[in-house]
Each structure stands twice: as structure tokens, then as C-alpha cells.
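Listed here are the chains, written in short residue letters.
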Amino acid sequence: MDQRDELIIPVNKLIDFTPAKLGARIIEFDDVVCSITGLPQSQISARLESAVVGIGGDNTSSRALRLSLLILRDYINSGYYPLVQDRKLVLAPLLEAQNLDEVRRRHALRMLYRQARLNAVREASQRKALEKFITSLTMVDYQPGKVVSALEEAPPDLSIQIAQSGSARLLWRGVRTTWSMTPDASAPGREVSIVLTDRRWPSTPMAVAQFRNVVPGVRQRDTWLGMTARNATGGAGGYVDRLAKQPDERAAVEATAAVLRNLLGSVNLEGLPSISMKGGVDQADQLAALASASRDRYNRLRQEGRPAEARKHLAITKRAETAANLSLGLAGLSECQSDPYPSRLMRTDSEIRRRVDTGLRKLWHYHMGFVALEMSICGAAPPFGALRVGKLAAALAGSEVVLNAWGRDRPLGEIATTVYEPHVRDKVPNPGPLVVFTSGLYPGHSSQYNRASSGARKWRRIGETMGYGSFHVAADTVDAVDAFNEAVDGYSHITRTFGEGASARFRAIGKALSGLGLPDLRRHDTRRPLYALSLVEDPGGVLLGWRPAPAPGRLGISAQEIAHQWWERWVRGQVSQLAREARVAPDLLDELHGLLRQVNELEAATPQPQFAARQLSLLDQMGQRPVGLGEVG
């Protein structure tokens, strides 16, 4: 093969892969590593799966060995190649190759995501649902051709159905299957799913979208809002930058401090000592110590099988943690108020910045489930992508149907009602939906958000976020994760129980990786463009106490107004060409039949059917040869 076809990986990109907790079984791990050295990627996956089947025993070291090999397989299927250097296993990220241009990198990512979709559908319940939907779609009045013809003449007579159950959910799930990378499953928190149709052909889906609670800890998003005092790289930014633009910095600091004091004054003090509303570092330290002791007691009681007593200590933990964080934030803001230029002080004093940041994050956690929506799914149904219906789905994020379904005045969640007294909503009111966020899969994959608008509001790109997720972690790996965690803890440590945090699957994987001393498989090293659709003039300013909350009234604009705006802006000028492209594109039934055929072919070619989540080799799909030691630059 031509030297130009070889991938060259920088040495500083190599990842050490040395699992812990294997005990004497480290010898077996080393034997397996020797057996895969130099093999093509697809053969490595098969060899690792075969090795897992042959592992006997059910103690911690056995479970650790199984999990280590499955994680290694998932790394390889996600675009890494194993190398042995100095008798140690390292992983070379193929997508970081110096000679891989952006076109080929995007192609490789598309192939990776496409295979993730196949993996999702191969789960038994998902394939059964797919077969059911194909059958149902052939029995109803599915008319994509008529909808395309109608769109040539005018905007659609748009209908937005909230797809929680029944036929609407079936339509939504069928469309989602054509491009989503994970199985359709319920998740903690609020969810609003919608399916778009033309009223004249209600069984012909045009697009789907889903809105969920935003996840904590997206630095670029939180920086843009001002809900952190740090920028995307950890330096001064976010709140600091916004504060520097205020005409009276100290007045702005006091406004934010007033919000934190109102929250602190609303904390349920059951199980806590008396608290000063001034906050302070000493108070924060005392409360943090109480939270730590209560957390230890909670874990011991769970392990002893005393859940009722454990929950009491978990409630104390959450209250103490909240009061500690608010106290620390107030301590930092108090120091800022003593300086004529608070933003300058925070830039130069990292400790003050850290304290303020701690309080801001607690303020954000109080509000985030109500004021911000994450558009986790958005896309056109085949063949309507050619008619730019994806932009219509993106625009509908600001529609009254979506925002009313999300709701302005929803009750506090389970954690908040345990941490705060009921009057917290009087002191720190819920301003209602303020902003919608979303992200693309990778650079160049977000054209449906570029220049898209919802009435007068426009989607805008606010930066990039490094990808974290678990879509590329196979189902059998997750089973092995749970078995390993239980062996280490003696009980199921991570559940969907109140107070445990969001995404049990995500946290369980992280805990297992940490226990094995392995690199974080959840980080897939793809910078994803991040977008925001502001529903008010300054969402962050409202939360920080700098702007009044929006007045009660109509939320968003009508779906039909958005449909007319979309058609005039994106369709009318090129309607004939767009319609021709849509007519020759595969429709939803074509796509689903093709997907099912691919799944069946993969199943037939898999020699060990118990590994239902086996993936194709990314390297094979890229048409590249594996790197060797001499090719690592």
C-alpha cells in the first residue's frame, strides 16, 4: 500500500491503557494483548469478544478482566488502534492522524455515527419496535409524494403533535431511528417530543424534535450565560466578562449577591446548624464537613440495607452542600464589593473567582431545569431533508406549542423540594423558558441551525464543546460495568434514586473506568458546535438579577407563523429544484427497510450472537491501514 495511505499519529496523542484490579489475571490480559498486536481492527474486535467468552469465575478480578477487554473493544470500535510500546499497551486515536484531512475526518465520524445507529437498532426491543413501525406505516395513508407536491405550492398546513404515546410516539420513534445513535429510552427529567405533519396527511411525518433538561457542566454554554466565572479553558471569563460591561459593577455584584442570599435564606435547615445570611468561608467549610459526614453515613446505611434511614442522611447532605456552596459564593461576592473594580479583582485573584464560581453554579442548578431547554433531537424525516425541513424543526424550538408544553410554572423537582423551603419560589421566582440550546455532531454538521430563526429570534453559534457521551459504549459493556461496580461496592451504588444525579448509565461508566484506572471512554474527542436560541433579550442577565424577568403572557409565536416564515425564507426561491431532490431521495419506508436489512445482514454474519452490540471497524470503513510503531510520529 502507498505510504500516503498510512495514518501518522503524534506521540503525545497516545493513550495509556493499563487496567487495575486484575490481580493475577493481568497475565491473561497481557496474553490477549499479545494475540491482537498487528491484527486488522475488525479481527481485533472479534478476538477480544472471543476472549471475554472464555473468562471463568465471578469474583472482582474476573469481572475486571471482562470489563477491561470490552472497554478496549469499544475504544477500538470508536476509532483507536492498539499498539505495544515498551511492553505497555497504548491506544492511537485514528481521528487525530496528522495526515487525515477534514473531509476524511468528517467521513470517518459519519461512519462511526452510522454504525452507532445500527448498534442501537440491533438491541432486541429496538429491532422489534422498528419492525412494528414498518408494518404500521404500510397500513396507513403514508403519502410523502403528495406532501412534497403541496410544499411546492405553499407552506404546510402545519400540525405539531406532542409525541408522548400512541400513534404520534410511534411516528416520532420511527423517524428518530433513521439517524439517531442511541436506543429510544426514557431518561430522568422533563421531556417534550414533537412530530411535525401536514394536517391533510397526518400519517406522513415531516420532522421530529425532542426537548429535555439541559445537563450540568457544559463550560462553553455556562460561560455564555454568565453562570460561571470561568471561560472554556478554565481562566477568567463568563460572569467576569459580563460584569466588566456593566455600567456599575458593584451594583451588579450586589444584585447577584441578593439572589444568592434569597436562595440561602430558603434552605431547609432540618439537620443543619443555624446559618448566617452573610455566608462566609468558615461557614462554608463547616457545612461542607457536615455534608461529607452525612454522605458517608448515607452510603453505609445503603450498604446495610436500611434505605429509609439512608434517605434522611442524603437529604441532609444535599441541604448542607447547597448551603455551603451559596455561602462560599457570597464570601467571594462580598470581597468583590469591597473593590472599586470587581471584574478586575476576579481576573487577578483565582481564589475569589473560584468562590464566586461555586455560588453561581448553585444558582444555575436551581434554575436550569425550568429556564433552559436542550434540543437533544432535531431533524427532517426522509425525504424532506432535501426540502430543508430540518430548518423548520429547528425554528419550532421557539414556538408557543413547544414552550407551552414545556411550561412556565412547573413545580420544583424532588431534590429542590427537599433542599429548599416552599417559599423559595416567592423569593427567587421561576422566570419561565429563557433559552434553547443544541449542538451539532461535529464541525460542518449543523447547517440546519445556520441563519435559522424563530420569529424575530435567531439561532446563533456560541462556541464549541468537547463531546462527552456514552453512545459508543456497547450494551454488553454496560452490563459488565454494572457487574464490576457491584462487585467493588458490595451493592448497586449508582441508581436512578433521588439525589444520585442525572444519567445513571453515564455515571456508572465513569465510576467503573475510574475503578479500573482506565482513560475516560465517555470522552469522544470531537469538538461539537454549540448553538443557542434566546427567547428573551438577555437570559443570563435575568438569572443574575440584572434584568427583570419577562412578563407573564404568550410564550413564543404560532407554529403556522413560523412555517410561513420558513417557507418564504428557505423554500420558495428554489422550490422546484428542492422538490426534485426530495422526489428522488429515499422516503421513510425506504430508509427503514434498508436499515432493517443492514441489521439482519450483520446478525447473520456475527458468529457469536450473544454480542448483540458488536460494531464494524472504523478503520476498515476509512479504507486505511493500521498504524505501526514506525508510523507514530
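*Asks:* Before we go on, may I ask you to explain the overall build of the chain in this structure?
*Replies:* Broken down by element type, the chain carries 25 helices and 11 strands. Going through the 633 residues of the chain one by one, you find that 55% of them count as buried. Considering only contacts within the chain whose residues lie at least 6 apart along the sequence, 78% involve residues at least 24 apart. Of the roughly 26,900 Å² of accessible surface on the chain, 50% is carried by carbon and sulfur atoms.

*Asks:* What's the story with the confidence of the model for the chain in this structure? I'm lost.
*Replies:* Parts of the prediction with low pLDDT should not have their coordinates interpreted in detail. On average, residues of the chain score 84 in pLDDT, and 81% of them reach the 70 mark or higher. Contacts for the low-pLDDT stretch residues 493-502, under 50 throughout, to residues beyond four places or in other chains number 31 contacts. Considering only residues more than four positions removed or in separate chains, one finds that residues 607-633, a stretch of pLDDT under 50, has 90 contacts.

*Asks:* How should I be thinking about the sheet that holds strand S1 (residues 15-16) in this particular structure?
*Replies:* Strands in a sheet are paired, the pairing made by backbone hydrogen bonds, and the direction either parallel or antiparallel. The strand order across the open sheet formed by 3 strands is S1-S3-S2, and the pairing between neighbours is antiparallel. Edge positions in the open sheet fall to S1 and strand S2 (80-85), since each of these has one partner strand only. In this structure, S2 lies alongside strand S3 (residues 88-93), joined through 6 bridges in antiparallel fashion. When the sheet's bridge partners are listed, Leu83 is paired in S3 with Val90.

*Asks:* Even after reading the chapter, I still don't get the pairing of strand S7 (residues 372-380), so can you show me in this structure?
*Replies:* A regular strand carries its side chains on alternate faces of the sheet. Of all 9 residues that make up S7, 8 are buried, and the element is covered over most of its length. Where strand S6 (residues 207-213) lies against S7, 7 bridges are found, and the strand directions are antiparallel. If you follow Ala209 over to S7, its bridge partner there is Cys378. Two strands pair when backbone bridges link them, and S7 and strand S8 (residues 435-439) are joined in this way by 3 bridges, in the parallel orientation. Of the residues in S8, the one forming a bridge with Glu374 is Phe437.

*Asks:* I tried to follow the packing of helix H12 (residues 307-337) against helix H14 (residues 350-371) on my own but got confused; where do I start?
*Replies:* For any two helices packed against each other, one specifies the inter-axial angle together with the distance between the axes. It is at 7 Å that the axes of H12 and H14 come closest, and there the two elements cross at 130 degrees. Between H12 and H14, the angle falls in the class oblique. You can see that H12 and H14 cross each other, and the crossing is left-handed. Between H12, through Thr322, Asn325, Leu326, Leu328, Gly329, Gly332, Leu333, Glu335 and Cys336, and H14, the contact on the second element is made entirely by Ile352, Arg354, Arg355, Val356, Thr358, Gly359 and Lys362. Classifying every residue of the contact of H12 with H14 by side-chain character gives 6 nonpolar, 6 polar and 4 charged.

*Asks:* What am I meant to see in the packing of helix H10 (residues 249-264) against H14 here?
*Replies:* At a minimum axis separation of 11 Å, H10 and H14 run at an interaxial angle of 65 degrees. Classified by chirality, the crossing of H14 by H10 is left-handed. The segment H10 lies against H14, with Thr256, Val259, Leu260 and Leu263 engaging Gly359, Leu360, Leu363 and Tyr366. A class-by-class count of the residues in the contact of H10 with H14 yields 6 nonpolar, 2 polar and no charged.

*Asks:* I tried to follow the pattern of salt bridges on my own but got confused; where do I start?
*Replies:* Two side chains of opposite charge can pair, provided their charged atoms sit close to one another. Considering all chains together, one arrives at 24 salt bridges under this definition. With its nearest N and O atoms 2.5 Å apart, the salt bridge here joins Glu152 to Arg583. Placement of the pair is Glu152 in helix H6 (residues 144-153) and Arg583 in helix H23 (residues 575-584), with a sequence separation of 431 residues. Measuring nitrogen to oxygen at the nearest pair gives 3.1 Å for the salt bridge that ties Glu568 to Arg572. Each of Glu335, Glu351, Arg354 and Arg355 takes part in salt bridges that share partners, so that together they form one network.

*Asks:* What is the right way to read the side chain of Gln210 from this model?
*Replies:* Within the fold, Gln210 resides in strand S6. On the basis of relative accessibility, which here comes to 2%, the residue Gln210 falls in the buried class. Engagement of the side chain of Gln210 in a polar contact is seen with the side chain of Ser193, the distance being 3.0 Å.

The rules behind these values
Residues numbered from 1 in each chain as written. Predicted model: local features only at pLDDT ≥ 70, side-chain atom pairs only at ≥ 80, totals over all residues. Heavy atoms only, no water. Helix = DSSP H or I, 4+ residues; strand = E, 2+ residues; numbered from the N terminus. Buried < 20%, exposed > 50% of the residue type's maximum accessible area, 1.4 Å probe, protein only. Contact = heavy atoms within 4.5 Å. Areas by Shrake-Rupley, 256 points an atom, 1.4 Å probe, with all protein chains shown as cover. pLDDT = per-residue confidence, 0-100. Pairing = 2+ DSSP bridges. Axes fitted to C-alpha atoms, helices over the stretch in contact; angles between N-to-C directions. Parallel < 35°, antiparallel > 145°, perpendicular 65-115°, else oblique. Left-handed = near helix turned anticlockwise from the far one by under 90°. Nonpolar A, V, L, I, M, F, W, Y, C, P; charged D, E, K, R; others polar. Salt bridge = Lys/Arg side-chain N within 4 Å of Asp/Glu carboxyl O. Polar contact = N/O pair within 3.5 Å; in protein donor to acceptor, adjacent residues only side chain to side chain.

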